[in-house]
Structures are given as structure tokens and as C-alpha cells.
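Analysis of the macromolecular model
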Amino acid sequence: MILPFDVKLAAGASLVENTLRDLLDARPLEGELYRPERLLKAMRHGVLNGGKRLRPFLVLETAALFDASDDTAALRVAAALECVHCYSLVHDDLPAMDDDDLRRGQPTVHRAFDEAAAILAGDSLLTYAFDIVSAPETPLPAEARLALVNRLARASGIGGMAGGQALDLAAEGSSLSEEEILRLQAMKTGALIRFACEAGGVVGGAQPAEIERLGEFGAAIGLAFQLADDLLDLTSSSETMGKATGKDAAAGKATLAGLHGVDWTRRQLNGLVAQAEDILEPFGERAETLRQAARFVADRQN
């Protein structure tokens, strides 16, 4: 029986959620001294709060192209990526950045606890991600774990997500060119999505050309994800989104949807889905779920 995409996505989210729950257990790991209870609660609040788990799902599904989707390594790498993603959300919600009170329909970490707890929870989630990938409990050859650590660091840091967030904050109230907006969005949003797709190939032992192709797919749907997000910020409600909407325009942030309008954005989304499907062509029917993921990204409602 062929399962609907939303069922597959939910099943993947459940696997990742269980892995995260185990990783965020109160028992310290070898080499750790103690896990402070309040900090751990803040970390759990920032991670175990629902969500589609799209990025880890992409790790699992790209690994599935090489028969490694249910592998412990794929799940641990997927969970590590979600730790990085959730750390970025915890910090992004802080008053010094986007200053949000809601995330996924619940109080943000700094509202549920306090700002110091949110900063430390984010710091801990980011650090833990590299622990998870590099640890011997992730059953991959040492060179594969090293490659994943390096790729994740570059996707997360100054030349990736964090750098993109810096560009985004600096651009408030400024006029950016389309090229500048594309670079900002490729860093802030696209870098982790691209990593997700490449990581599955690394876990599955793919050839370098195959990993590069998966990265191109990730870049296409990463841009689609950001375009859809910008569109939803313009057209959706806070009840549907589970967070405040209309904030980009209010803050004077430059987005492609704001620059070109709703109709242009929808046409671009359709074009990016077609591009993503073309990139996956060499993988044949094995990549059908990834094709569905591209359409899901473009059509999502929250």
C-alpha cells in the first residue's frame, strides 16, 4: 500500500521525536558531570513541541535512496540536525532578534522560562548536535562522521544559517536587490535544508556526484521553503501559523514575495518544484517521496 505523504511525514516525525526524547534524557552521558534540570526542561520545551520535522525527514528520505532510512545513523544525524534547527528558533525568538511570544502555538522558550535559560538552551542544543553526530553511538565510519560534522558546521555558522540571520537583521528597513535577498535566504533557510539532503547521501554511502545532486535538490526546495514562508507571512493568520504573521513587512524586511508580489511568488514556487523534480530524475521511482516533499514545501499552509 502506498501511504499518503502526510502519513509518511508524520511517521518520520514520530521516529525523530522518539530519538530526541531519548537523547534529552536526564541521565548524563559518559564524560558529562550532570544535566541541570531546568536547563534540560528548557531544551525539551524548545525541541519536543511538535512541528513537521521536515529537515530530519529529508535526511531519512535521502538516506532511503541508498537503503539507509531506518538506520540508527540516519536517525541520529536527523535528530542532530533538528537540534541545530530548534536552537536557531529558540534564539531567533529572543527580544534582541525577532522578539516572538509564540512558537508552534506555544510560548517561546524565553517566555516559558526566561531569556538566560533560552540562550543557554540554544547553546546546549547547538553543541549537543555535534556530540550526537561525532559520537561512536552513531554507527558510521569515522571519516563519514567527520564529514558530517564539517558540513553541519558550515551550514550552521558564519557562512550559513547564522550568517544569514545576521544579514537578515542588518537588512531591516533597507532596500536589497534580488541577488542580495537570494543570498540571504540561501544562507538563513536554505543551508540547513541543503545539508539535510546531502547528509542522507553521506549516511547512505552515496558517490560524491550523487551527494552533489542531492545538494542541488536541497537548494531548490530550500528556496521554495523560504518563498512559501514569506507568502504565508503575507497571507496567513497567526492562528494557522502558530506564530505571529505580518512581521516581515512591519519590520521592513526584504523578501522576494514583498518585492515581486503574491502571484509572482506562486509562479516561482511552481517552477522550483519542477526544477526539484528534474534534479531527482536519475534516482527514478526511488525518489517519489522526495518529489512529494518538494510539492509539500511549496503548498504548505503553516
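Structure shown above.
Throughout what follows, the structure given in this document is the object of discussion. Here the structure is a predicted model, which is why all the values come from computation and not from measurement.

1. Details of a negative patch on the surface
Together, E277, D278, E281 and E285 line one region of the surface with negative charge. Secondary-structure assignment places E277 in helix α14 (residues 262-279).

2. As for helix α4 (residues 72-92)
The terminal C-alpha atoms of α4 lie 30 Å apart, and with 21 residues this matches the ideal 30 Å at 1.5 Å per residue to within 8%. With respect to burial, α4 is a largely interior element, 20 of its 21 residues being buried. The N-terminus of α4 is capped by D71, whose side-chain oxygen sits 2.9 Å from the backbone nitrogen of A73.

3. A word on the pattern of salt bridges
One pass over the structure, following the stated rule, counts 16 salt bridges. Across the pair D25 and R27 runs a salt bridge, and its minimum N-O distance is 2.6 Å. R27 gets classed as exposed once you look at its relative accessible area, which sits at 63%. The salt bridge involving R295 is made with D299; its shortest N-O contact spans 3.2 Å. Highlighted residues: R295 and D299, both in helix α15 (residues 288-299), separated by four residues, approximately one helical turn. The partly exposed category is assigned to R295, whose relative accessible area is 31%. Sharing partners across several salt bridges, the network here consists of E17, R21, R53, E82 and R104.

4. Comments concerning helix α3 (residues 54-64)
Most of α3 sits out of view: ten of its eleven residues are buried. Looking only at α3, the buried set comprises L54, R55, P56, F57, L58, V59, L60, E61, T62 and A63. As for α3, its buried residues are in contact with α1 (5-23), α4, α9 (178-203), α10 (208-235) and α15.

5. Description of the packing of aromatic side chains
As enumerated under the stated definition, the model contains three aromatic pairs in all. With a centroid separation of 5.6 Å and an interplanar angle of 90°, the aromatic rings of F5 and F57 are classed as edge-to-face. One end of the pair, F5, is in helix α1; the other, F57, is in helix α3, and 52 residues separate them in sequence. Judged by centre distance (5.3 Å) and plane angle (45°), the rings of F5 and F296 are tilted. One end of the pair, F5, is in helix α1; the other, F296, is in helix α15, with 291 residues separating them in the sequence.

6. Thoughts on the packing of helix α7 (residues 142-156) against α9
Contact pair α7 / α9: the axes reach a minimum separation of 9 Å and the direction vectors enclose 175°. Classed by the angle they form, the pair α7 and α9 counts as roughly antiparallel. Between α7, through A144, L148, R151, L152, A155 and S156, and α9, the contact on the second element is made entirely by A191, L192, F195, E198, A199, V202 and V203.

Reading the values: the criteria
- For every chain, the first residue of the written sequence is number 1, and numbering continues from 1 onward in sequence order.
- Selection of residues for local features in this predicted model requires a pLDDT of at least 70, selection of side-chain atom pairs for listing and counting requires 80 or more, and totals for whole chains, interfaces and linings are taken over all residues.
- The basis for every side-chain value is the complete set of non-hydrogen atoms in the structure, without hydrogens or water.
- Patch members must show over 30% relative accessible area and no salt bridge, and they are joined within 9 Å when carrying like charges or within 5 Å when they are nonpolar side chains of Val, Leu, Ile, Met, Phe, Trp or Tyr.
- For accessible areas, the Shrake-Rupley method is used with a probe of radius 1.4 Å. Any residue's cover is judged against the shown protein chains and nothing else.
- The salt bridge criterion pairs a side-chain nitrogen of Lys or Arg with a carboxyl oxygen of Asp or Glu, the two atoms within 4 Å.
- Only four residue types enter the tally: Lys and Arg on the positive side, Asp and Glu on the negative side, with His and both chain ends excluded.
- In plain terms, the charge of a residue is placed at NZ if it is Lys, CZ if Arg, CG if Asp and CD if Glu.
- Segments assigned H or I by DSSP are reported as helices when at least four residues long, segments assigned E as strands when at least two residues long, and all are numbered from the N terminus.
- The length a helix should cover is 1.5 Å for every residue beyond the first.
- Using a 1.4 Å probe on the protein chains alone, a residue whose accessible area is under 20% of its type maximum counts as buried, one over 50% counts as exposed, and one in between counts as partly exposed.
- N or O atoms closer than or at 3.5 Å make up a polar contact, with two conditions inside protein: a donor-capable atom paired with an acceptor-capable one, and, for residues adjacent in sequence, both atoms drawn from side chains.
- We call two residues contacting when some pair of their heavy atoms lies within 4.5 Å.
- Working definition: a ring pair exists when centres of Phe, Tyr or Trp rings (six-membered ring for Trp) sit within 6.5 Å. Plane angles under 30 degrees give stacked, over 60 give edge-to-face, the rest tilted.
- Every axis in this analysis is a line fitted to C-alpha atoms, fitted for helices over the stretch in contact. Angles between the N-to-C directions lie between 0 and 180 degrees.
- Throughout, the term roughly parallel applies to angles under 35 degrees, roughly antiparallel to angles over 145, roughly perpendicular to angles from 65 to 115, and oblique to all others.

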